[in-house]
Amino acid sequence: MRIFKFGGASVKDAEGVRNLVKVLGETGTEDTFLVISAMGKTTNAMEGVVDAYFKDKSALPGAIQEVSDYHRQILDGLFKSEKHPVYRDVKSLFEEIKGFLAWNKSPKYNFVYDQVVCYGELISTTIVSAYLNEVGVRNTWLDIRDYIKTDNKYRDVGIDWKKTQEKVSKGLDRGKLYVSQGFIGSDENNFTTTLGREGSDYTAAILAYCLDAHSVTIWKDVPGVLNADPRYFDKSQLLNKISYREAIELAFYGASVIHPKTLQPLQRKEIPLHVKSFLNPKDPGTTVGKGEGIDPRVPCFIVKKNQVLMKLSSLDFSFIVEDNISDLFKLLHDYRMKVDMIQNSAISFSVCVDNKFGRLEELLNHLKGKFKVVCHEGVSLYTIRHFDAQSIESLQNGKEVLLEQRGKETVQLVVKQ
Ligand code: ADP
Ligand code: ASP
Ligand code: MG
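- The name an unreviewed UniProt entry gives the protein chain is Aspartokinase, with Muriicola jejuensis as the organism.
- For the record of the protein chain, the UniProt heading Sequence similarities (unreviewed entry) holds the text "Belongs to the aspartokinase family."
- For the record of the protein chain, the UniProt heading Catalytic activity (unreviewed entry) holds the text "L-aspartate + ATP = 4-phospho-L-aspartate + ADP".

This is how it looks when you write it as C-alpha cells:
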C-alpha cells in the first residue's frame, strides 16, 4: 500500500483539485490511501472562527461565511450544477459547525478549537472525494477520527498507538482507494482532536506505520526537500536523498517542508518517504530512507521566525544549576513553550522558544518572581547543518547576533529580525 498526502497548497482552488486528479492519472490509484489537508489557508480561517467565538461574537457569522464562500467558489469551479449532492454535504458540515458553537458550553479554548478547526479537513475531503467520483476515480471517503485515536491534550495530542493500530488493522480494506483527512483524530470519548499545526504529514506516517505501507509520498509546491526554504533563501538546491536521521534533524530544527513527527514512525519500519512536486509529478523529488547523510552534501539552512529569546539570571546570587533549571523546564512545559535552543552559564540561562500557544505573558509574570528576565520577542533562529565558514558568514551578513551555539555538525544563531 502507498500513502499519498496532499497538503493545503495542492488543493487551494478548483485548479488544484483538477491537478490532483492529473497527478493520480500519472501515478495510478492502485492500493493508494489519500490523506488530504484543509484547502489553502482554511485552517487559519477556522482559527479566526474560534477566535471570533471567544473574543468577538459579532464577528462570528462573518468569519464562518468567509470560509463557506471560499469553498463555494471551489465547488462552483468543479461541479456543473449546484444540484450535485456534494453541495448539500458541504452545507451540512457548515450547519454542524454552527450547531456546535450554538450549543457548546465548554469555556476551554483548546477543546473548542479542535471541535471546530477539524472541519477544514472534513470539508476538503468531502469535496475531493466527490470530485474524484465525478470524474470516474472511484473512492471511499473515510472519517479518520474513527481510526486515529489520541489522548486529550487538545491542539497537540499524542497518539494512542495501540488503539490506532487495532482500528486500522481491523477496519481498512487493502485494494480500495481511500480519501481521508490529515491532522485530526479522536480521544477516548470520541471528541475530535488535532495533531498540531501542519500535522497531516504525521497522519500519513501514522497510517503508513499501521498499514505497513511500502512508501509515503507527500506532494508539495516545491521540487522536494531543498537545502533551504526558497521563500527566505535565494539559491536553494534540491537534496536527492537524505537519511531518516538527517531528515529528522532538519525537520526538528524547523525545515517546515516535513512535519518533525513524521519521520520516526517511518524510520522504525524503514518505509521510504518521497517528497515530490505536485506540479511535476514525474520528477524524482527527494527520497528519505535508510543510509547515511545527505546527497549532495551541502550546508542546509533553516530559519524559524518570530521566536522569543529569554535571558534569565537569578535575583538572589544563586547559581543557575540543577534545582532552578528543573523548575524552569517545568514552567516552560506548563506554559506549553516549545524550546528551540538553550545555553547556560554559572549565573545565566538563555532559552529560545516558540510561543505557539500565546502564553508568553503569563510565563514572564511567573518567571519575574524568581529571576531577572531580559526578553527579546520577534527574533529569528537560524540553523545551519553541515556548516562551513562561508555559510556562516553569508548568514550573519550584518545582522545582530544575540546568541550563538556551535556543535560538530550544526551551528545556531539567534538574530534580531
Ligand atoms: P503543505 O501544502 O503540505 O502544507 P507546506 O507549505 O507545509 O506544504 O510545505 C511546503 C513549503 O515548505 C514550501 O513551499 C517551502 O516554502 C517550505 N520549506 C521550508 N523548508 C523547506 C526546505 N528545506 N525545502 C523545501 N521547502 C521548504
Ligand atoms: N490543515 C492543517 C494546518 O494547516 C494541517 C496540515 O495542513 O497539515 O495546519
Ligand atoms: Mg501545510
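So, the site of ligand 2
Logical step 1: As a structural note, the neighbourhood of ligand 2 is formed by S37, A38, T43, E121, F183, R197, E198, G199 and S200.
Logical step 2: Interatomic distance of 2.7 Å between a side-chain N/O atom of E121 and a nitrogen atom of ligand 2.
Logical step 3: The separation between an oxygen atom of ligand 2 and a polar side-chain atom of R197 is 2.6 Å.
Logical step 4: Considering ligand 2 on its own, with 260 Å² of exposed area, one finds that the protein chains cover 93% of that surface.

Focus: the layout of surface pockets
Empty space left among the atoms is revealed by rolling a probe the size of a water molecule over them.
Logical step 1: Approximately 490 Å³ is the volume found for the second largest pocket.
Logical step 2: Contributing to the lining of the second largest pocket are 19 residues, with F233, K235, F301, S391 and S394 lying nearest its centre.
Logical step 3: Residue assignment for the lining of the second largest pocket shows that the elements contributing at least two residues are β12 (300-314) and α13 (389-396).
Logical step 4: The dominant element in the lining of the second largest pocket, judged by the number of residues it contributes, is α13, at four residues.

What about the pairing of strand β4 (residues 178-181)?
Looking along a regular strand, one sees the side chains alternate between the two faces of the sheet.
Logical step 1: The alternating pattern of β4 places Y178 and S180 and V179 and Q181 on opposite faces, both of which are buried.
Logical step 2: Alignment of strand β2 (residues 32-36) against β4, held across four bridges, turns out to be parallel. Bridge pairing in β4 places V35 opposite S180.
Logical step 3: As paired elements, strand β3 (residues 140-141) and β4 share two bridges and run parallel to each other. Among the inter-strand pairings, W141 is bridged to a residue of β4, identified as V179.

Describing the sheet that holds strand β7 (residues 215-220)
Logical step 1: Strand order in this open sheet of nine strands is β3-β4-β2-β1-β7-β9-β10-β8-β11, and the pairing throughout is mixed. Looking along the sheet, the strands with just one partner apiece sit at the ends: β3 and β11 (294-295).
Logical step 2: Here five bridges tie β7 to strand β9 (residues 273-277), and the two strands are oriented parallel to one another. Counted as the bridge partner of K220 is S277 from β9.
Logical step 3: Against the sheet, helix α6 (residues 119-134) touches β2, β3 and β4, its axis set at about 165° to β4.

A few points about the side chain of K276
Logical step 1: Relative to the assigned elements, K276 resides in strand β9.
Logical step 2: Buried charge K276 goes without a salt bridge, the closest partner of opposite sign being D283 at 7.8 Å.

A word on the site of ligand 1
Logical step 1: Ligand 1 sits among 16 residues. The nearest are K5, K220, D221, L226 and D229.
Logical step 2: Here L226 contributes a backbone N or O atom positioned 2.9 Å from a nitrogen atom of ligand 1.
Logical step 3: At 2.8 Å, a side-chain N or O of D229 approaches an oxygen atom of ligand 1.
Logical step 4: In isolation ligand 1 exposes 570 Å². Once the protein is present, 88% of that is buried.

Some words on the packing of helix α7 (residues 161-171) against helix α8 (residues 200-211)
Logical step 1: The contact between α7 and α8 brings their axes to 9 Å, and the two run at 65°. With respect to α8, the element α7 is oriented roughly perpendicular. α8 is crossed by α7, and the crossing has right-handed handedness. Where α7 abuts α8, its residues W161, T164, Q165 and V168 lie against Y202, I206, L207, Y209, C210 and L211.
Logical step 2: Residues belonging to the contact of α7 with α8 are distributed by class as follows: eight nonpolar, two polar and no charged.

Quick look at the sheet that holds strand β17 (residues 410-416)
Logical step 1: A sheet is described by the order of its strands in space; here six strands give the open sequence β13-β14-β12-β15-β17-β16, paired in antiparallel fashion. The two strands at the open ends of the sheet, each matched to only one other strand, are β13 (338-344) and β16 (401-406). Averaged over neighbouring strand pairs, the angle between their axes works out to 30° when direction is ignored.
Logical step 2: Sheet analysis places β13 next to strand β14 (residues 348-354), joined by six bridges and oriented antiparallel. Within β14, the position partnered with I342 by the bridge is V351.
Logical step 3: Of the strands in this sheet, β12 and β15 (371-385) touch helix α12 (residues 360-368), which is tilted by about 130° from β15.
Logical step 4: Helix-sheet contacts for α13 involve β12, β15, β16 and β17, and the interaxial angle to β15 is about 125°.

So, unusual backbone geometry
Logical step 1: That bond from D295 to P296 is cis: its omega, 0°, falls within 30 degrees of zero.
Logical step 2: We note that R155 has phi near 80°; this positive angle belongs to a residue other than glycine.
Logical step 3: Along the chain, R155 falls in the loop between β3 and α7.

So, empty space enclosed by the protein
Logical step 1: If you walk through the whole model with that rule in mind, you get one cavity of 30 Å³ or more.
Logical step 2: Roughly 30 Å³ of internal volume is contained in the largest cavity.
Logical step 3: Every residue along the wall of the largest cavity is listed here: V225, I242, A247, L250, A251, A255, V257 and I258.
Logical step 4: The greatest single-element share of the lining of the largest cavity, amounting to three residues, is contributed by helix α9 (residues 244-253).
Logical step 5: Taken together, the residues of the lining of the largest cavity break down into eight nonpolar, no polar and no charged.

Cut-offs used in this document
- Residues numbered from 1 in each chain as written.
- Chains lettered and ligands numbered in written order.
- Predicted model: local features only at pLDDT ≥ 70, side-chain atom pairs only at ≥ 80, totals over all residues.
- Heavy atoms only, no water.
- UniProt positions renumbered as here; feature names shortened; annotations may be inferred.
- Near = heavy atom within 4 Å.
- Polar contact = N/O pair within 3.5 Å; in protein donor to acceptor, adjacent residues only side chain to side chain.
- Areas by Shrake-Rupley, 256 points an atom, 1.4 Å probe, with all protein chains shown as cover.
- 1 Å grid on protein atoms, 1.4 Å probe; cavity = no way out; pocket = protein on both sides within 12 Å on 5 of 7 lines; lining within 4 Å.
- Points joined across faces, edges and corners; volume = space filled by probe spheres on them.
- Helix = DSSP H or I, 4+ residues; strand = E, 2+ residues; numbered from the N terminus.
- Buried < 20%, exposed > 50% of the residue type's maximum accessible area, 1.4 Å probe, protein only.
- Pairing = 2+ DSSP bridges.
- Contact = heavy atoms within 4.5 Å.
- Axes fitted to C-alpha atoms, helices over the stretch in contact; angles between N-to-C directions.
- Lys, Arg positive; Asp, Glu negative; His and termini not counted.
- Salt bridge = Lys/Arg side-chain N within 4 Å of Asp/Glu carboxyl O.
- Parallel < 35°, antiparallel > 145°, perpendicular 65-115°, else oblique.
- Left-handed = near helix turned anticlockwise from the far one by under 90°.
- Nonpolar A, V, L, I, M, F, W, Y, C, P; charged D, E, K, R; others polar.

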